[in-house]
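Fold and geometry: a report
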Amino acid sequence: MSPEEKLAELGLTLPEVVPPLAAYVPAVRSGDHVYTSGQVPMVDGRLAATGKVGAEVSAEEGREMARICALNALAAVASAAGGLSNVVRIVKVVGFVASAPDFTGQPQVVNGASELLGEVFGEAGVHARSAVGVTVLPLDAPVEVELIAEVR
């Protein structure tokens, strides 16, 4: 089953690539790799949530926001690679979680992104990862995700 078919089976569609918020591009291909810029949880041109995880945003909501970020990152990868079927594997994911001062569940929040990638790509979606707590993210987004994909 292709990644696009897997997304459809999950009831998801690849969104339009989120336009950059500043002076950068959503993704760059260099050789056999696509590097995405950080993707925030934009849905139809608006942030799906704002605030800090562990305060205004629950850990479970943050996990869902990370899933949306990963879907947006996949749209950026597809645009640079000529489609998701050209993805060989997801190599690395970096997740940033805007966190309340006492929140320490960043890895579980970023699991939302990691699990989506596993659902779409199977074994090829297993990746190295960092989950980092930060004070604030652009537009007061609760989560931001970037990834590196190997492509053909």
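Check the entry above for the structure.
Residues numbered from 1 in each chain as written. Predicted model: local features only at pLDDT ≥ 70, side-chain atom pairs only at ≥ 80, totals over all residues. Heavy atoms only, no water.

1. Focus on the overall build of the chain
- What the chain contains, in helices and strands, is 3 helices and 7 strands.
- Mapped from its N terminus to its C terminus, the chain presents α and β elements in the order α-β-β-β-β-α-β-α-β-β.
- For a compact globule of 152 residues, the expected C-alpha radius of gyration is about 15 Å, and the chain comes in at 14 Å, within 12% of that figure.
- C-alpha extents for the chain along the principal axes are approximately 40 × 30 × 25 Å.
- Taken over 152 residues, the chain has a buried fraction of 45%.
- Once local pairs closer than 6 in sequence are excluded, the contacts in the chain between residues at least 24 apart make up 82%.
- Here the chain holds 10 positive side-chain charges and 18 negative ones, and the gap between their average locations is 4 Å. (Helix = DSSP H or I, 4+ residues; strand = E, 2+ residues; numbered from the N terminus. Rg over C-alpha atoms; globule rule 2.2 N^0.38 Å. Buried < 20%, exposed > 50% of the residue type's maximum accessible area, 1.4 Å probe, protein only. Contact = heavy atoms within 4.5 Å. Lys, Arg positive; Asp, Glu negative; His and termini not counted. Charge placed at Lys NZ, Arg CZ, Asp CG, Glu CD.)

2. Considerations on the sheet that holds strand E1 (residues 27-30)
- The strand order across the open sheet formed by 5 strands is E1-E2-E7-E5-E6, and the pairing between neighbours is mixed. Both edges of this open sheet fall to E1 and strand E6 (128-134), since each of them pairs with a single strand only. The average undirected angle you get between the axes of adjacent strands in this sheet is 15 degrees.
- Bridge analysis of strand E5 (residues 87-98) against strand E7 (residues 143-151) gives 9 bridges, and the strand direction is antiparallel. When the bridges of E7 are listed, glycine 95 appears paired with valine 145. (Pairing = 2+ DSSP bridges. Axes fitted to C-alpha atoms, helices over the stretch in contact; angles between N-to-C directions.)

3. What about a nonpolar patch on the surface?
- Side chains of Leu21, Tyr24 and Leu139 sit close together on the surface and give an oily, nonpolar patch of about 270 Å² of accessible area.
- Along the chain, leucine 139 falls in the loop between E6 and E7. (Patch = residues over 30% accessible without salt bridge, like charges linked within 9 Å, V, L, I, M, F, W, Y side chains within 5 Å. Areas by Shrake-Rupley, 256 points an atom, 1.4 Å probe, with all protein chains shown as cover. Salt bridge = Lys/Arg side-chain N within 4 Å of Asp/Glu carboxyl O.)

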